[in-house]
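Next come the chains, spelled out residue by residue.
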Amino acid sequence: MTNAAVAADLIADRLVPFPKSHFLAAADLNPPFVSALLDLGDAFVELNRSSTKALDLLRGRTVLNLFFENSTRTSSSFEIAAKRLGADVVTMPVGASSVKKGETLIDTAVTLNAMRPDILVVRHGASGAAALLSQKVGCAVVNAGDGRHEHPTQALLDLLSLRRAFGDVGGLTVAICGDIAHSRVARSNVALLSMMGARVRLIGPPTLVPGDADRWGCEVFHDMREGLAGCDVVMMLRLQLERMDGALMPSTREYFRFWGLDREKLAWARAGAKVMHPGPMNRGVEIDSDVADDLSVSLIQDQVEMGVAARMAVLASLAMRLESAR
Ligand code: NCD
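Rules used in this analysis
Residues numbered from 1 in each chain as written. Predicted model: local features only at pLDDT ≥ 70, side-chain atom pairs only at ≥ 80, totals over all residues. Heavy atoms only, no water. Helix = DSSP H or I, 4+ residues; strand = E, 2+ residues; numbered from the N terminus. Expected span 1.5 Å × (residues − 1). Buried < 20%, exposed > 50% of the residue type's maximum accessible area, 1.4 Å probe, protein only. Arc of directions from axis to C-beta. Contact = heavy atoms within 4.5 Å. Pairing = 2+ DSSP bridges. Axes fitted to C-alpha atoms, helices over the stretch in contact; angles between N-to-C directions. Near = heavy atom within 4 Å. Polar contact = N/O pair within 3.5 Å; in protein donor to acceptor, adjacent residues only side chain to side chain. Areas by Shrake-Rupley, 256 points an atom, 1.4 Å probe, with all protein chains shown as cover. Nonpolar A, V, L, I, M, F, W, Y, C, P; charged D, E, K, R; others polar. Salt bridge = Lys/Arg side-chain N within 4 Å of Asp/Glu carboxyl O.

J.: Which parts of the structure should I look at to understand helix α3 (residues 73–84)?
T.: In an α-helix, one full turn covers 3.6 residues, which means residues spaced three or four apart are oriented alike. Look at α3: 16 Å from first C-alpha to last across 12 residues, which is about the 16 Å you get at 1.5 Å a residue. Where α3 is concerned, the buried positions are Thr74, Ser75, Ser77, Phe78, Ala81 and Ala82. On an axial view of α3, the arc spanned by its buried residues comes to 160°, and they lie on one face. Looking at the buried side of α3, the elements it contacts are β1 (62–67), β2 (88–93), β3 (119–124), β4 (140–146), α6 (152–166) and α12 (300–324). Where α3 ends, the next residue or the one after it, glycine 86, has phi of about 85°, a positive value.

Now the structure itself:
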C-alpha cells in the first residue's frame, strides 16, 4: 500500500463524531475527545506528507469561509483543509470596512444560511460573533477567532505540535508571554492546556495582562526571568496593536528589551525548552529572528503544518456528526 493509502485507513479507523453541533470555544471539547482528535490529527499529518493528499470525507459538502478580519494564514489553512477533504469551499474575505457588527452580521448570516452551506468557518473582530451566528444558522459553525475571546483551532494545533514534540502534554509547564489582554490565542490555550493537564503561566507587563488573570487558574508573572524559570515551553504572542486604543507600552524597542524573546531570555527557561508563536510575528518586537528561525528550539513552522492537519480533523469530525444527524 502507498503511504497515502495507509494514512487513509488510519484516518477511517480514528474518525470520531464531534461532541457538539458547533466548535466555538475550547470548552466544547473534553479530554478523551481531544486525545482522539489529536490521534486523528496525527493521521492527517501522514496523509499531508504523502503525494496524494485528497480524500472524499466531505464530498458534496459546502464549507463557507467567512473572514470579517484580515487573515492569510488561518483562512488559507482552513481552505486547504476543506479542499483536501473533498469539500466545495468558498472563501469570502468580507472586508472589515464593509461590515458593521450586530444587525449586519445577522443579516449576512441569514443570507448565507439560505445558500445551505454545511459548515461555516467564521472570523470576526467582535467577541461572541461566532456564537451569535451559530444561533441564526442551520449549519455547523467553527470559530476561527472572535475578537479577544477565543481561537479554539489555534489551541488545538498548538496542542498537536506540543504532543508531537514532547510525547505528552500532561505535566508540561507552558509560559504564555506578552499581550495576554488582547489575545484570543491565550484564552483558548489556557483552557485547552489546563484541560489536558499542563501547568500554564502568564507573563507580561501589568498593562497587557488582564486584572482577573489570576482567576484563570494560571500563575501570573510580571517578570520574564521569574516566569520563564523551569518552563518547558515558551509561547510568545503578537502585540495586537490593532486592538490597543491607548498607550499600553512605552515603545516597541523598550518592549523588546523587557519582554522580547531572545537567546538570553530563553536561557532562563529549562534546557531544551521549545518556542512557539501563532504568527504573524513582529520580528524584533516580541521575538528575535535568531530564536524564531532556529529549528532546534522553534516549533513555529510545525505549528503551521499542524494547523492544516488539526483543522482537517475538526472538519472531518464535524462532518461525521452532520452525517449521523441526517
Ligand atoms: C492569531 C489570531 O489571529 O488571533 N493569528 C492567527 O490565527 N494566524 C494571532 C495573532 O493575530 O496575533
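J.: Help me out: how do you make sense of the sheet that holds strand β5 (residues 173–177) in this one?
T.: One key point about sheets: their strands pair by backbone hydrogen bonds, in either a parallel or an antiparallel sense. Taken in spatial order, the 5 strands of this open sheet run β7-β6-β5-β8-β9, and their pairing is parallel. The outermost strands of the open sheet, each flanked by one partner alone, are β7 (219–221) and β9 (274–276). With strand direction ignored, the average angle separating the axes of adjacent strands in the sheet is 20°. Relative to β9, strand β8 (residues 233–236) runs parallel, the two sharing 3 bridges. Residue pairing for β9: valine 233 is matched across the bridge by lysine 274.

J.: Just checking my understanding: could you explain the site of the ligand for this structure?
T.: Around the ligand sit Arg73, Thr74, Arg123, His151, Gln154, Arg184, Val185, Arg238, Gln240, Pro278, Gly279 and Pro280, and that is every residue in its neighbourhood. Separating an oxygen atom of the ligand from a side-chain N or O atom of arginine 184 is a distance of 2.7 Å. For the ligand, an oxygen atom lies 2.7 Å from a polar atom in the side chain of arginine 238. Considering the ligand on its own, with 310 Å² of exposed area, one finds that the protein chains cover 94% of that surface. The residue inventory of the shell around the ligand, partitioned by class, reads 3 nonpolar, 5 polar and 4 charged.

J.: Sorry if this is basic, but what is going on with the sheet that holds β1 here?
T.: Spatially, the 4 strands line up as an open sheet ordered β2-β1-β3-β4, and their pairing is parallel. Of all strands in the sheet, those bounded by a partner on one side alone are β2 and β4. Taking the axes of each pair of neighbouring strands and ignoring which way they run, one obtains an average angle of 15° across the sheet. Where β1 and β2 come together, 6 bridges link them in parallel fashion. Pairing of leucine 64 across the sheet is with valine 90, part of β2.

J.: Can you help me understand the pattern of salt bridges in this one?
T.: Pairing is possible between side chains that carry opposite charge, provided their charged atoms lie close to one another. Enumeration over the complete set of coordinates arrives at 16 salt bridges. The salt bridge partner of lysine 83 is glutamate 79, with a shortest N-O separation of 2.8 Å. Taken as a pair, lysine 83 and glutamate 79 lie in helix α3 at a separation of 4 residues, close to a single helical turn. Classification of glutamate 79 as partly exposed rests on a relative accessible area of 23%. Linked through salt bridges whose partners overlap, the residues forming this network are Asp39, Asp42, Arg163 and Arg164.

J.: Would you mind going over the side chain of threonine 153 with me for this structure?
T.: Position of threonine 153 relative to the elements: it lies in helix α6. When its relative accessible area of 0% is taken as the criterion, threonine 153 is described as buried. Once residues lying within four places of it in the same chain are set aside, the contact partners of threonine 153 are Phe23, Phe78, Val142, Arg311 and Val314.

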